[in-house]
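Now for the letters of each chain:
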Protein chains: 2
Amino acid sequence: MTDENNNPLFFRRILITIDEDDRPSTSRAFRFAMTMARDYQAHLGIASVMENNDISIYESLMPAKLNERRDHLKRIVATYAEQAKDFGVEQVRSIVAEGGDVDDVVLDKIVPDFEPDLIVCGADVDFASHGRPGAIGLRLAKKSTTSVIVIR
Amino acid sequence: MTDENNNPLFFRRILITIDEDDRPSTSRAFRFAMTMARDYQAHLGIASVMENNDISIYESLMPAKLNERRDHLKRIVATYAEQAKDFGVEQVRSIVAEGGDVDDVVLDKIVPDFEPDLIVCGADVDFASHGRPGAIGLRLAKKSTTSVIVIR
């Protein structure tokens, strides 16, 4: 075996996708992401997606309502970011994006921007309104060109 | 948030599934598994599966041939185990199993015995003869009740 095969392998840019709802696996996934980011001095991106499918026609006609939802999601992500900093993670970025399917938004918008080498996702993160339940992490694991961990 | 949400989360029993062929993602997956096991003093199980589908009728009538294949796989796993010990992992177990589909053997035989809290798999581990290519890790991620990381 070559020497390279004996080098440690860990991640330097960790992206965690969080759900608006506080599912048990989100909490465990977040704890894992924080632990890795702290212990290996990695950058931690904390991302959440506002799905357009979630937006009713009523809301879409009311910019104030949309802003309210956006602000709500930003506050949730900011809370996670604060928690990560308190935990000891030095490089934290909050990311809030919008679009169609969560997995597409993550792969097409967030990943090209943040350039993670690991995506962390709780197994039961599925975004309440999502047509295909319970499998954001699995769909990311399938479609992503970076490593993905599905936490249970 | 409760205090528990601020506890580090890492894994104590890491199972890596290796392919007989030395695929690039196996090497990276193995390096990650070794790194985690060394840095968090976790148990490392190194597993490979001899698929019955791989066995020709000719071989199945020749016990010596089967033993030869079994020994070949055992030597491969033992080489990985030695590498892990040299790397600094203290608790290493070699596991060689046999059966039908790799993912079923891993989930039905190896997991109940080793009881991992993380399964590590390279993204392109698919076992040469396997009917459904390239997706052992994804199938494990889908079916497993423990956390799974798919390394690319």
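Just so it is clear, the structure is predicted and the values come from calculations on it, not from any experiment.

Cut-offs applied
- Residues numbered from 1 in each chain as written.
- Chains lettered and ligands numbered in written order.
- Predicted model: local features only at pLDDT ≥ 70, side-chain atom pairs only at ≥ 80, totals over all residues.
- Heavy atoms only, no water.
- Disulfide = S-S within 2.5 Å.
- Buried < 20%, exposed > 50% of the residue type's maximum accessible area, 1.4 Å probe, protein only.
- Contact = heavy atoms within 4.5 Å.
- Salt bridge = Lys/Arg side-chain N within 4 Å of Asp/Glu carboxyl O.
- Polar contact = N/O pair within 3.5 Å; in protein donor to acceptor, adjacent residues only side chain to side chain.
- Helix = DSSP H or I, 4+ residues; strand = E, 2+ residues; numbered from the N terminus.
- Nonpolar A, V, L, I, M, F, W, Y, C, P; charged D, E, K, R; others polar.
- Pairing = 2+ DSSP bridges.
- Least-squares fit on C-alpha atoms with pLDDT ≥ 70 in both.
- Axes fitted to C-alpha atoms, helices over the stretch in contact; angles between N-to-C directions.
- pLDDT = per-residue confidence, 0-100.
- Phe/Tyr/Trp six-rings, centres within 6.5 Å; stacked < 30°, edge-to-face > 60°.
- Parallel < 35°, antiparallel > 145°, perpendicular 65-115°, else oblique.
- Left-handed = near helix turned anticlockwise from the far one by under 90°.

K.L.:
Explain the state of the cysteines to me, please; I cannot follow it from the model alone.
P.N.:
Covalently bonding the sulfur atom of one cysteine to the sulfur atom of another cysteine gives a disulfide. This structure, assessed with the given rule, holds zero disulfides over all chains. Its sulfur unpaired, Cys121(A) is 18 Å from the next cysteine sulfur, which belongs to Cys121(B). Residue class for Cys121(B) comes out buried when judged on its relative accessible area of 0%.

K.L.:
I'm lost on the interface of chain B and chain A in this one. Help?
P.N.:
Many descriptions give the size of an interface as the accessible area lost when the pieces come together. Contact with chain B, which involves 35 residues of that partner, is made by 35 residues of chain A. Here chain B and chain A share zero salt bridges between them. The tally of links between chain B and chain A comes to 20 residue pairs in polar contact (both at pLDDT 80 or more). Counting only elements with at least two residues in the side of chain B that touches chain A, the list comes to helix H1 (24-39), helix H3 (63-87), helix H5 (136-143) and strand S5 (147-151) of chain B. Looking at the side of chain B that touches chain A element by element, the count peaks at nine residues for H1(B). Of the residues in the side of chain B that touches chain A, the class split is 17 nonpolar, 11 polar and seven charged. Two strands pair when backbone bridges link them, and strand S5 (residues 147-151) of chain A and S5(B) are joined in this way by three bridges, in the antiparallel orientation. Looking at S5(B), one finds that Val148(A) is bridged to Val150(B).

K.L.:
Even after reading the chapter, I still don't get the relation of the copies chain B and chain A, so can you show me in this structure?
P.N.:
The operation linking the two copies of the chain is a rotation about an axis combined with a translation along the axis. Mapping chain B onto chain A calls for a rotation angle of 180° and an axial translation of 0.0 Å; the resulting RMSD is 0.0 Å. Both copies of the chain, as the preceding transformation shows, are related through a two-fold rotation axis. When each C-alpha of chain B is compared by its distance to the rotation axis, Ile149(B) comes out closest, at 2.0 Å. The residues that chain B uses at the interface reappear at the interface of chain A in 100% of cases, marking a shared surface.

K.L.:
Where do I start with the environment of Asn53(B) in this structure?
P.N.:
Residues and elements named next belong to chain B. On the secondary structure map, Asn53 appears in the loop between strand S2 (43-51) and helix H2 (57-60). The class for Asn53 is exposed, based on a relative accessible area of 52%. Between the C-alpha atoms of Asn53 and Val102, which are 49 residues apart in sequence, the distance is 10.0 Å. Not counting residues up to four positions away in its chain, the partners in contact with Asn53 are Gly100 and Asp101.

K.L.:
I would appreciate a short explanation of unusual backbone geometry in the present structure.
P.N.:
Among all residues except glycine, the phi angle is most often negative; among peptide bonds, the trans geometry is most common. The backbone of Gln41(A) sits at a positive phi, close to 50°, despite the residue not being glycine. Even without a glycine there, the phi angle at Glu115(B) is positive, about 55°. Within the secondary structure layout, Glu115(B) lies in the loop between helix H4 (102-114) and strand S4 (118-122).

K.L.:
Looking at this model, I keep getting lost on the sheet that holds strand S3 (residues 91-99) of chain B. Mind explaining?
P.N.:
Pairing between the strands of a sheet comes from backbone hydrogen bonds, and it takes one of two forms, parallel or antiparallel. Spatially, S3(A)-S2(A)-S1(A)-S4(A)-S5(A)-S5(B)-S4(B)-S1(B)-S2(B)-S3(B) is the arrangement adopted by the 10 strands of the open sheet, whose pairing is mixed. Bordering the open sheet on either side are strand S3 (91-99) of chain A together with S3 of chain B, each of which pairs with just one other strand. Taken pair by pair, the neighbouring strands of this sheet meet at an average axis angle of 20°, ignoring direction. Packing of helix H1 (residues 24-39) of chain A onto the sheet brings it into contact with strand S1 (13-17), strand S2 (43-51), strand S4 (118-122) and S5 of chain A, and relative to S4(A) it is tilted by some 150°. Each of strand S1 (13-17), S4 and S5 of chain B touches H5(B); the most contacted strand, S5(B), lies at about 160° to it.

K.L.:
Help me understand the confidence of the model for chain A, please; the structure alone is not making it clear to me.
P.N.:
When pLDDT drops low, the exact placement of atoms in the prediction is not to be read closely. Mean pLDDT over chain A: 88, with 89% of residues reaching 70 or higher. The spread of mean pLDDT over the elements of chain A runs between helix H2 (residues 57-60) of chain A, the lowest at 74, and S1(A), the highest at 97.

K.L.:
I'm lost on the packing of aromatic side chains in this one. Help?
P.N.:
One pair of aromatic rings is described through two measures. These are the centre distance and the angle between the planes. Inspection of every chain in the model, using the stated rule, returns seven aromatic pairs over all chains. Between Phe11(A) and Phe32(B) the ring centres are 5.3 Å apart and the planes differ by 50°, which places this aromatic pair in the tilted class. Of the two residues, Phe11(A) sits in the segment before S1 while Phe32(B) sits in helix H1, which places them in two different chains. Like Phe32(B), Phe11(A) is buried.

K.L.:
Where do I start with the packing of H4(B) against H5(B) in this structure?
P.N.:
How two helices pack is summed up by the angle between their axes together with the distance between the axes. Residues and elements named next belong to chain B. In the contact formed by H4 and H5, the axes pass within 9 Å of each other and the chain directions differ by 40°. Comparing the axis directions of H4 and H5 gives the class oblique. Seen from above, H4 lies across H5 with right-handed handedness. Residues Val102, Asp103, Asp104, Val106 and Leu107 of H4 form the contact with H5, whose participating residues are Ile136, Arg139, Leu140 and Lys143. By residue class, the composition of the contact of H4 with H5 is five nonpolar, no polar and four charged.

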